[in-house]
Structures are given as C-alpha cells and as structure tokens.
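Each chain is listed here by its residues.
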Amino acid sequence: MTYKTVVEDNIDILVCGAGLGGTGAAFEARYWGKDKKIVIAEKANIDRSGAVAQGLYAINCYMGTRFGENNPEDHVRYARIDLMGMVREDLLFDMARHVDSAVHQFEEWGLPLMRNPKTGAYQREGRWQIMIHGESYKPIVAEAAKKSADKVFNRVCVTHLLMDESKENRVAGAVGFNVRTGDYHVFKSKTVVVAAGGASNIFKPRSVGEGAGRVWYAPWSSGSAYGLMIGAGAKMTQMENRIVLARFKDGYGPVGAYFLHLKTYTQNGLGEEYESKWFPALEEMVGKRYLDVEASHRTHRPIPTCLRNHAFINEVNAGRGPIHMVTMEAFQDPHLEEIGWHNFLGMTVGQAVLWAATDVDPKYENPELTTSEPYVMGSHATGCGAWCSGPEDISPPEYYWGYNRMTTVEGLFGAGDAVGGTPHAFSSGSFTEGRLAAKAACKYIDDGKAAGIRVSDDQIKRRKEEIYKPMEHYKIYRNEITGGSVNPNYINPRQGLDRLQKLMDEYCGGVTVNYMTNEKLLNIGLKKLKLLEEDLEKVAAENIHELLRAWELKHRHLTSESVMHHTLFRKETRWPGYYYRGDAMRVDDENWHVLTVSRRDPKTGEYTMEKAPCYHLIDDKPAAAAA
Amino acid sequence: MPTFVYMTRCDGCGQCVDICPSDIMHIDPKVRRAYNIEPNMCWECYSCVKACPHNAIDVRGYADFAPLGHSVRVRRDEEKGVIAWRIIFRNGEKDMNLLAPITTKPWGKYIPQLADQPAPSQEMRGSQLLFNEPKYIRFDDGDLNTLESNGLKMQAGVESY
C-alpha cells in the first residue's frame, strides 16, 4: 500500500466528529486551554456535516430562564416522563442549566432566532422549542469551532481510538484515513472528545432502492460515536432505547412545528380521533406511574412519545389506516401555510420535494403519516450512548468519577449522541455537552492525568494494516472472477449493510415485524451478527470511497451488537411503540427501574451486562403547576 | 436519483465534491464533470445544490416514491444573507416563492476569538461555569442553577417519583 502516514503529534484535545457536539467542544476548549493544541477530525466538511448539515427550523432545547419560562429541573421532569423514567437526571440537569447560554451566543453570532412581537421573548413553538431561520446554523457554529481550533482535518474518517500502552484503559488519540487522498492519519492526543453521530440505516428502512437515502436521521450518521467508544472498551448505557418516529410518510418531514405551532392534529382513515381509545389498555400495560389517562387529561402532562407511537401502530394494525395529519384547517391561514413550508425547506427539503412531486397541497389535502424504522441515537426522544461521569456538584457517587462527560475510559469524553441517558438535548444541548466535555478535558490535562502516555509504532502499524485491509482484500480476490459483485471470498459494503439491516429488522424489532422481538429471536440475531462480524473481516473495498463505507459499516455493526445485547438484557417492554419484548410485554419496575450498562471487552469481544441505579431529582411536581 | 448534474452547466469545479456531507458528489474522470455516485446515500440535503456556482445541480425526488415533473430550486446568497426557494408542483397548479434569512450578521465577525479573551481565573476553573457564564444564561445577576439553589436532591430508584 502506497498511502502516506501523516502524524499529528502533541495534541491536547482531539475532537472526533464536528457536528453540533464537536463544534461546541472545539469552541469552548480554547477558553479553558489558551495554549492547548486543539484539533478537529471530521469525515466530511465541517461547514456542512453532522445531523444539522441541511439546517434546522427550530432549537428544540431552550429553557428561557432569562424570560422566566422554565427551570432546568422542569426539563428534567419532562425528559423523564417522555423516556418512561430512564434518564440520567444529573447529566440532563447539567445540560439544561447551561443550554441557554449557548443559544444566546448563537443569536449574537448571527443565527436568526424569531421573536415573539408581543412579549419580546423568543418565538416559542412549544414549551421547549423556539423557532429559528436555521438554514445556516451549521456554517455559523462551524465558524466558531474553526476560530478556536489549531487545525481542522476535513475528510478524515476516524476509524479507531489509540490506547495508551503505559496505563491500562487510557486513551491516547485516534487514527483514520483521508477519504480524498487515502492517506493514513495518526492523531496522538492527551484527550479525545468523541462527538460523532448516532446511527441511521442499521434497521431495514421502509423505503426501497434510491429512497434508502431519505432516512429520518442523516445517512452519514454511521453510529461512529458508538463504534469508536465500544471498540475502545468504554461502557455504554441504554442502547436498547432505540427510537421510532411518527413522521410524514416517505419524506420523513418533521411534525413538531405542525403539532405545536400550527396546531394540526392526527386522525385515522375514517376521520376519527384514535389515540385516546388505546390509552386504557396501555395504562394497564405500563402502569399508572407512566400513563395516567385521567391525570394527563386534567393536567396536560405530556404523553410519552413511544406511547403515542403505540396508539398509531395499533390503529393501523386494526385496519383503520392511514393516519393523517389534519393540515387543511391550519393551512387556510396564509401565514401558517408559509411556516409549514419553511419548516421543511429549513431542515427536510426532501419532504417539500415529495409533496411537489405528488401534488399534495396540505391546504386542500391532509397528508399521510407513518412510523419510521428504528434509529439508534442519543439526543432526540431517546438516550443511547456512553456511560459518562456527571458534574461534581450534582452527581451521586455511582455517576461521578472526576470529570464531567468522561466515559469509563480515561481521557475519553463524549458529547451529543455519544453521551447516554441524556435525551432531548437536540442541537443546542449537544453543543452544550461539547462545551462541558471540553472544559473537563482541559482540567483532566491540567491535573496531570495525561502524563506519560505511550503509543508504540507497533500499535500504529497494526491499525494501518487493519484500516486498509478491505482494499487489500479486494485486490487479492477481484481477479478470481470475471466481473460483477458476486464473489465467494468477499462482500462489498452495500451487501454487508443490506445483511445488517435485514437481520436487525427481523430479530431486533424492526418495522417489518411491527417492532416485535423476544429472547429467542435476539439470541438468533446475536449469532447472525457474529457471523457477519467474521464476514466483515472479508469486506472488500474497490476504492477509498468504498473504504469509507466499509468502516461506516463496521461502526454500524458494533452499534447493532450493543443494541442487541441491551435489548436481550432488559427483560421488559419499557417503551411500547419503540419496541416490544413479546416474552415480557409489561413495564416491570420491580426489576427494571434501572439503567442498563454494558461493556464489550476489546480483546475478546465478550459482552458483560450490569444494572446501574436510576436516580431521580426529588419530587414529581404536578405537571399542572409547570404547564 | 436525488441530486443530478446538468451536463451543459457543470464545469467540473468541484465545489459540490468539497461540501457533500455524504461523500457522494464525485467528478467523472471521462466527462470531467460532477455526478452523484451513490443516490441511495443522498439525503436531498441540498448542500451541493446551494454550493454550486453555476446552478448546475438539481434534485429529482427518490424514484421509489416520488413521481417525475416537480421542481424545488434554491438560491442561497451569503452576501445578502438570504435564501430563496421556488417550489413547483408536478401538475403546475402550485408555484411558490419563499424567502428566508440565513444570518443577521456579517459572516464570522461577531464570533469571539477565545484565544484573545482574558484567561479564566483559578476560581472559575474550579467552578461549573462555562465561557460567558453565568451572565449569558440569564442576563441578570443570578447565578448558575444547582440542586441546592433549586431545592432539589437526588434520590435513588422508583419510589421517589
């Protein structure tokens, strides 16, 4: 192999993945580390990378403490209700108490935040959401990160973390390759902030062919947040807590602004309200603690996202689909109609393309909704991610080991999708988590925790061979066949992805099985994942672009295996509407009011699972008072 | 195939290649113009469409569910700080022009260079504060929220809530 090795040495803070979490980390790190060397590695171009690449029309996590709207604990309660109790309240509180300062800075930097002309406060879409003209959200925060970083390496796909060889379980940097030049990149760093993305495309999508790109979460969200950290032996939490989204059919256009701001609502194919009739049985299934129909009605306590999905799924299965979004009323108001379209253009252009293609004018026709395939991420209504330390002044001993947002691997920090147990962070909360991680990483270095790190040439050489193996493999076996993609000695990355999606779908509760799984299915799924892992040693890449896809696939595979193990471990149906354990169809608080924590041994690939206590911020203030 | 490139407009400048988040806009070595090498990994995010200086890139909805004959075009003007969209339906009955701001300030000028800010004190380093805090959280004299200040304490398990 002729690719050059490019070494970047003496880095203090290496940021892997520069979406909202990574840009927040790089920006803030400069303040606490004036003389520190801050480097960003991003597999695309920082100006348009990550989940916010195409923009956002709302900031979904803003307290409005400045306007007397909410306190951090209100947001914790909200996220706790939505996730059926399973959150890291210390991390959530910490994120919520800082998030407003990030948003206020965004406004100062030029991000157009809408104002309510009457109150002067930001224009609320819902209790936590504010409306923005966010087409350039990403370029704006990228500018901030670039101002702080010493170097930005665009188009470098990080494949592995480097580990210290003088001290067990301590990070020492990362390696990857440039998807343009093919060069091998080595980053030797005292700390690493993994701010890469969650995972789309690990469950078989509803769409076929071309439409596979029109996933809800970005197709470039390859689960690298998890792939990198699991590969380094970091503990993960709540990986079973995948998310299913109710969205506009096929285009997956967001519904938040429609529900909250435009006041549209859903009905079944017969034009009836359908949600509430499923709630009594659901209340029985999950218990009154999580769904109290009477109290919800009285106090406007929000119904958890998963439970609303449950009603949707069951109504469709009862033969009364499709579910429609009733837009015809709201869209008679030209102002609201314009907002409805801007909402898509600002963050999901594909939905506007679809309605234009199918002549769906929501003013005269109520568009169809559907429930999506599952996604694995940690910043929407779901909390997958690494088991991280919380802040000193909040966290109980089980949640605290010295440095905020540090994983169980020393010197390895997380932000955004990478951090587990912190749902509802969204863009602003992810940026905030990046800032928190960066400050803690500076402190870790200043405390002398990164002294004496040693990385051998052997480790660097070994990783290099591993990274380019798919290209070697292709070269060796390609000429055994006349042509085409069928080869007895290898699969290409697309073939591997198709296999992964099919088995995750069928064994781990995807869309074609109505989100249903059980212990037997999961055990079969784990076996098939092992076989796929063996075959991934024989994945072949024809060129550097395919090499990128090969490594994305490997990260998705590691993510999937973790999801499968966690789903098997939690023997209950905690989130009906996200997935169902057919052999344990109830919420079981007696045994499972806990956070699930896993570790994959990097040497053997063996998983160990444990339960961690779930702490709550004291009272459950009646939602009526807060609403 | 989500994005595609018009042969007569593209000059192979590579701006789309440079910006595509999915690494799917590549230059065809034969015709030396850009094209989408992997439509099923395209999000229709329009990053390349916006970046193209010749308006050579357009989007045709996903073949598995979008009929032909529609158009969603865009012009993003960094100088003026606006983005202009035009949506035309397949049946031609709806033709919408929509305009939105993309920034309120000149690019990058109001983003602080943190290296030039006064260094944080030792006390700040030991605190829970981030840059510009607590001022930027509340814009009053209030301090950072803590469990104590908000009358809260952690309790384990299900009984407490």
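Residues numbered from 1 in each chain as written. Chains lettered and ligands numbered in written order. Predicted model: local features only at pLDDT ≥ 70, side-chain atom pairs only at ≥ 80, totals over all residues.

## Examining the overall build of chain A
Secondary structure assignment for chain A yields 18 helices and 20 strands. For chain A, the C-alpha radius of gyration of 23 Å lies close to 25 Å, the compact-globule estimate for 627 residues. Principal axes of the C-alpha set define a box for chain A whose edges measure 65 × 55 × 50 Å. Across the 627 residues in chain A, those meeting the buried criterion constitute 63%. In chain A, once contacts between residues fewer than 6 apart in sequence are set aside, the share between residues at least 24 apart is 77%. (Helix = DSSP H or I, 4+ residues; strand = E, 2+ residues; numbered from the N terminus. Rg over C-alpha atoms; globule rule 2.2 N^0.38 Å. Buried ≥ 20, exposed ≤ 12 C-beta atoms within 10 Å, placed from the backbone. Contact = placed C-beta atoms within 7 Å.)

## Topic: the overall build of chain B
From N to C terminus, chain B includes four helices and eight strands. Taken from N to C terminus, the helices and strands of chain B fall in the order β-α-β-β-α-β-β-β-β-α-α-β. The C-alpha radius of gyration computed for chain B amounts to 25 Å, which surpasses the reference 15 Å derived for 161 residues by more than 25%, pointing to a less compact arrangement than a globule. Here the C-alpha coordinates of chain B stretch approximately 65 × 50 × 35 Å along the principal axes. Residue pairs at least 24 apart in sequence account for 41% of intrachain contacts in chain B once pairs closer than 6 positions are excluded.

## Details of the sheet that holds strand β19 (residues 607–613) of chain A
Residues and elements named next belong to chain A. Across the sheet, which stays open at both edges, the four strands sit in the order β14-β9-β18-β19 with antiparallel pairing between neighbours. The open sheet has two edge strands, β14 (385–386) and β19, and neither has a second partner. Two strands pair when backbone bridges link them, and strand β9 (residues 236–237) and strand β18 (residues 594–600) are joined in this way by two bridges, in the antiparallel orientation. Looking across to β18, one finds that M236 is bridged to S598. The sheet strands contacting helix α16 (residues 544–569) are β9, β18 and β19, and the helix crosses β18 at an angle near 140 degrees. (Pairing = 2+ DSSP bridges. Axes fitted to C-alpha atoms, helices over the stretch in contact; angles between N-to-C directions.)

## Description of the pairing of strand β4 (residues 130–134) of chain A
Residue and element names in this part refer to chain A. Counting buried residues in β4 gives five out of five residues, a clear majority hidden from the surface. Here β4 shows no split at all, with I130, I132 and G134 on one side and M131 and H133 on the other all buried. In the sheet, strand β3 (residues 56–59) pairs with β4 via three bridges, with the strands oriented antiparallel. Among the inter-strand pairings, A58 is bridged to a residue of β4, identified as M131.

## Focus on the environment of A:T408
All names here are of chain A. As for its position among the elements, T408 is in the loop between β14 and β15 (412–414). Residue T408 is classed as partly exposed on the basis of its 19 C-beta neighbours within 10 Å. Remark: the alpha-carbon pair of T408 and K235, spanning 173 residues in sequence, is separated by 6.0 Å. For T408, the contacting residues outside a window of four places in its chain are A234, K235 and W387.

## A closer look at the domain arrangement of chain B
On domain assignment, one finds that chain B holds domain 1 (3–101) and domain 2 (112–150). The C-alpha centroid of domain 2 of chain B is placed 43 Å from the C-alpha centroid of domain 1 of chain B. (Domains from an automatic or database assignment.)

## As for unusual backbone geometry
Across the chain, the bulk of peptide bonds are trans and the bulk of non-glycine residues have phi less than zero. Look at the link from A:G321 to A:P322: it is a cis peptide, with omega at -10 degrees. If you trace the backbone, A:P322 turns up in the loop between α9 (305–320) and β12 (324–326). The peptide bond linking B:E133 to B:P134 adopts the cis configuration, its omega dihedral lying at 5 degrees. With respect to the helices, strands and loops of the structure, B:P134 is situated in the loop between α3 (122–126) and α4 (135–138). Non-glycine residue A:Y252 carries a positive phi angle of around 55 degrees. The topology assignment puts A:Y252 in the loop between β10 (246–248) and α6 (256–260). Positioned with a positive phi, B:D23 is a non-glycine residue whose angle comes to about 55 degrees. Residue placement: B:D23 occurs in the loop between α1 (15–19) and β2 (25–27).

## Thoughts on the nonpolar core
Ranked by size, the top nonpolar core spans 237 residues in total, and within it A:C16, A:I40, A:V193, A:V194, A:M229, A:L412 and A:A441 carry the most contacts. The residues touching A:I40, leaving out its near neighbours within four places in the chain, are A:V15, A:A18, A:G22, A:A26, A:I46, A:A145, A:A149, A:V152 and A:F153. (Core = buried A, V, L, I, M, F, W, Y, C linked by C-beta atoms within 7 Å.)

## With respect to helix α11 (residues 349–357) of chain A
Most of α11(A) is tucked away: nine of the nine residues are buried. For α11(A), the elements touching its buried residues are β10 and α10 (334–347) of chain A together with β4 (57–59), β5 (71–77) and β6 (82–88) of chain B. Positioned one or two residues after α11(A), A:D359 has a phi angle of 55 degrees, which is positive.

## Re the interface of chain B and chain A
Each side of the interface is counted separately: chain B has 77 residues, and chain A has 82 residues. Secondary-structure elements contributing two or more residues to the side of chain B that touches chain A are α1, β5, β6, β7 (95–101), α4 and β8 (154–156) of chain B. Here the side of chain B that touches chain A is built from residues that sort into 46 nonpolar, 20 polar and eleven charged. Bridge count between strand β20 (residues 615–617) of chain A and β8(B): three bridges; the pairing is antiparallel. Each residue of the ladder has a partner; that of A:Y615, found in β8(B), is B:A156. (Nonpolar A, V, L, I, M, F, W, Y, C, P; charged D, E, K, R; others polar.)

## As for the environment of A:V587
Residues and elements named next belong to chain A. Examined against the element boundaries, V587 turns out to sit in the loop between β17 (580–581) and α17 (589–592). Residues V587 and R574 lie 13 residues apart in sequence; the distance between their C-alpha atoms is 5.0 Å. Ignoring sequence-local partners within four residues, the contact set of V587 consists of M84, V286, G287, Y290, E572, T573 and R574.

## A look at the confidence of the model for chain B
Mean pLDDT over chain B works out to 94, with 97% of the residues at or above the 70 mark. Among the prediction metrics, the complex's ipTM stands at 0.96, with pTM recorded as 0.97. (pLDDT = per-residue confidence, 0-100.)

## Points about the sheet that holds β5(B)
Judged by pairing direction, the sheet is antiparallel, and its three strands sit side by side in the order β5-β6-β7 (chain B) without closing on themselves. Two strands in the sheet have a free side with no partner beyond their single neighbour: β5 and β7 of chain B. When the angles between neighbouring strand axes are averaged without regard to direction, this sheet yields 15 degrees. As paired strands, β6(B) and β7(B) are joined by seven bridges and run antiparallel to one another. If you follow B:V82 over to β7(B), its bridge partner there is B:P101. Where α10(A) meets the sheet, its contacts fall on β6 and β7 of chain B, and the angle it forms with β7(B) comes to roughly 70 degrees. On the sheet, α11(A) packs against β5 and β6 of chain B and is oriented at approximately 145 degrees with respect to β5(B).

## Remarks on helix α2 (residues 72–82) of chain A
Residue and element names in this part refer to chain A. A large share of α2 lies buried, amounting to eleven of its eleven residues. Among all positions in α2, only P72, E73, D74, H75, V76, R77, Y78, A79, R80, I81 and D82 are buried. Looking one or two residues beyond α2, the residue adopting positive phi is M84, at roughly 55 degrees.

## So, the confidence of the model for chain A
For chain A, the average pLDDT comes to 96, and 99% of its residues sit at 70 or higher. Between residues 623–627 of chain A, whose pLDDT stays under 50, and residues either more than four places distant or in other chains, the model counts eight contacts.

## Brief notes about the domain arrangement of chain A
Residue and element names in this part refer to chain A. Entries for chain A in the domain assignment read domain 1 (5–52 + 137–243 + 375–446), domain 2 (246–371) and domain 3 (468–588). The C-alpha-based centres of domain 1 and domain 2 are spaced at 33 Å. Contacts between domain 1 and domain 2 engage five residues on the former and seven residues on the latter.

## Structural notes on the packing of helix α14 (residues 493–507) of chain A against helix α15 (residues 519–536) of chain A
Residue and element names in this part refer to chain A. Here α14 crosses α15 at 170 degrees, and the two axes come no closer than 9 Å. It follows that α14 is roughly antiparallel to α15 by the angle criterion. Note on element contacts: α15 touches α14 through L521, L522, I524, G525, K528, L529, L532, D535 and L536, opposite G496, R499, L500, L503 and Y507. Here the contact of α14 with α15 is composed, by residue class, of nine nonpolar, two polar and three charged. (Parallel < 35°, antiparallel > 145°, perpendicular 65-115°, else oblique.)

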